[in-house]
Amino acid sequence: MQSSTREALISSGTPRSAGRRSAGSATCADHAQQSLEITLPDSSEEVSQALEWCHVRVGDGEQCRIRFHDYDAVYLVPGLYEQIFCDVLECCSPVTVRRLLEDAIEDTEIAPEDLRVLDLGAGNGMVGEELVELGARRIVGVDILDAAAEAAERDRPGVYEEYVVTDMTSLSDRQRAWLSTFDFNCLTCVAALGFGDIPTAAFVEAYNLVATGGLVAFNIKEEFLNGQDTSGFAELIKAMCKDGIVDVQERERYRHRLSISGEPLHYVAMVVIKRRDLDH
Ligand SMILES: C[S@@+](CC[C@H](N)C(=O)[O-])C[C@H]1O[C@@H](n2cnc3c(N)ncnc32)[C@H](O)[C@@H]1O
């Protein structure tokens, strides 16, 4: 257990290592334009992951309370997403999924520079940035929030060839046809499944946009894979693996990040090769 209140104060331009990020990746300090002060609540307060929050002070402004899953508010402040998740809570998922994808690619005939990636739940582009470092040149981001698209353009311009703001559960025929023209051979979906974020229907829609033989890299909280899961992901992923819909290339249980009380939150990251479409 870590101390009950952890504070981080990073001024713009002050380089600071963000734990497990790969060499060359930007930390929050590179994106922050003003100093950000983050204060976590007392660790004795039990809060479920979907309701976790912190206090944030931007520059000399007033302190305000932000729930982590209010992504609109988080993306609005340059560097805040990176500072909360990477610097304070030590999230390593974009780096972990990228590493597993890199390992999986070695067993395929796909060269990194030939990847055509659909990044589902792209947020402000942290995964896109990892994909660029991996060598991918064509990446399309999809997110339900305008604020995510705006933050990706602001913080990581040039990473995404296109960035589509849409709810993947209700893609129009026109959007589906347009996305099909990219002939994706890879799907990434990091820190976005479950928790009122991306439901199974959206994942299936994105998965079906990937060509047979393509790679699908994602992570999910380990509880969503067990018998008590009500999100539908446990059943879906079990069926995908058991029924030969995919071949599992990589699977790793790891510490995704810390909770606000300093406890480890374990996720499972997987990279699979698509063998056939999923039923809607
Ligand atoms: C925790 S963020 C992850 C962002 C990024 N993948 C990363 O690892 O930093 C989850 C993202 O999923 C997006 N999202 C939630 N539901 C969605 C949906 N139905 N369709 C597309 N994006 C969705 C949210 O807006 C949010 O930006």
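Scroll up to find the structure.
For clarity, every value in this text was computed on a predicted model and none was experimentally measured. (Residues numbered from 1 in each chain as written. Predicted model: local features only at pLDDT ≥ 70, side-chain atom pairs only at ≥ 80, totals over all residues.)

## Observations concerning the overall build of the protein chain
The helix and strand inventory of the protein chain stands at 9 helices and 11 strands. Across the 280 residues in the protein chain, those meeting the buried criterion constitute 42%. (Helix = DSSP H or I, 4+ residues; strand = E, 2+ residues; numbered from the N terminus. Buried ≥ 20, exposed ≤ 12 C-beta atoms within 10 Å, placed from the backbone.)

## Some points on the sheet that holds strand β9 (residues 210-221)
Reading across from one edge, β7-β6-β5-β8-β9-β11-β10 is the order of the 7 strands in this open sheet, with mixed pairing throughout. Each edge of the sheet is formed by a strand with only one pairing partner; in this case those strands are β7 (162-165) and β10 (246-258). This sheet shows a mean twist of 15 degrees between the axes of neighbouring strands, independent of strand direction. Where strand β6 (residues 138-143) lies against β7, 4 bridges are found, and the strand directions are parallel. Paired with Gly 141 across the strands is Tyr 163, a residue of β7. Strand contacts of helix α5 (residues 126-134): β5 (116-120), β6 and β8 (184-189), with the helix running at about 160 degrees to β5, the strand carrying the most contacts. (Pairing = 2+ DSSP bridges. Axes fitted to C-alpha atoms, helices over the stretch in contact; angles between N-to-C directions. Contact = placed C-beta atoms within 7 Å.)

## A look at the site of the ligand
Taken together, 22 residues lie near the ligand, and Gly 121, Gly 123, Ile 144, Val 190 and Ala 192 sit nearest. Every element with two or more residues in the shell around the ligand is listed here: α4 (93-105), α5 and β6. The class makeup of the residues in the shell around the ligand is 15 nonpolar, 4 polar and 3 charged. (Near = placed C-beta within 6 Å. Nonpolar A, V, L, I, M, F, W, Y, C, P; charged D, E, K, R; others polar.)

## Observations concerning the nonpolar core
Counting residues in each nonpolar core, the largest one holds 78 residues, and the members touching the most others are Leu 118, Leu 187, Cys 189 and Ala 206. Beyond its immediate sequence surroundings of up to four residues, Leu 187 is in contact with Leu 118, Leu 120, Ala 206, Tyr 207, Val 210 and Val 216. (Core = buried A, V, L, I, M, F, W, Y, C linked by C-beta atoms within 7 Å.)

## With respect to the pairing of strand β11 (residues 264-274)
Of the strand pairs in this sheet, β9 and β11 are connected by 7 bridges, and their pairing is antiparallel. Looking across to β11, one finds that Phe 218 is bridged to Met 270. Direction of pairing for β10 relative to β11: antiparallel, over a ladder of 11 bridges. Counted as the bridge partner of Asp 247 is Ile 273 from β11. The turn linking β10 back onto β11 is made up of 5 residues, and Gly 262 within it adopts a positive phi angle of 90 degrees.

## Some words on the environment of Cys 86
Structurally, Cys 86 is set in helix α3 (residues 80-88). With 172 residues separating them along the chain, Cys 86 and Leu 258 place their C-alpha atoms 9.9 Å apart.

## Concerning the environment of Phe 68
Relative to the helices and strands, Phe 68 is located in the loop between β4 (64-67) and α2 (71-76). Exposure remark for Phe 68: the 19 C-beta atoms within 10 Å place this residue in the partly exposed category.

## Section: the packing of α4 against α5
Look at α4 against α5: their axes get within 9 Å of each other, and the N-to-C directions meet at 35 degrees. The hand of the α4/α5 crossing is right-handed. Where α4 approaches α5, its residues Pro 94, Val 95, Arg 98, Leu 101 and Glu 102 are matched on the opposing element by Met 126, Val 127, Glu 130, Leu 131 and Leu 134. A per-class count over the contact of α4 with α5 returns 7 nonpolar, no polar and 3 charged. (Left-handed = near helix turned anticlockwise from the far one by under 90°.)

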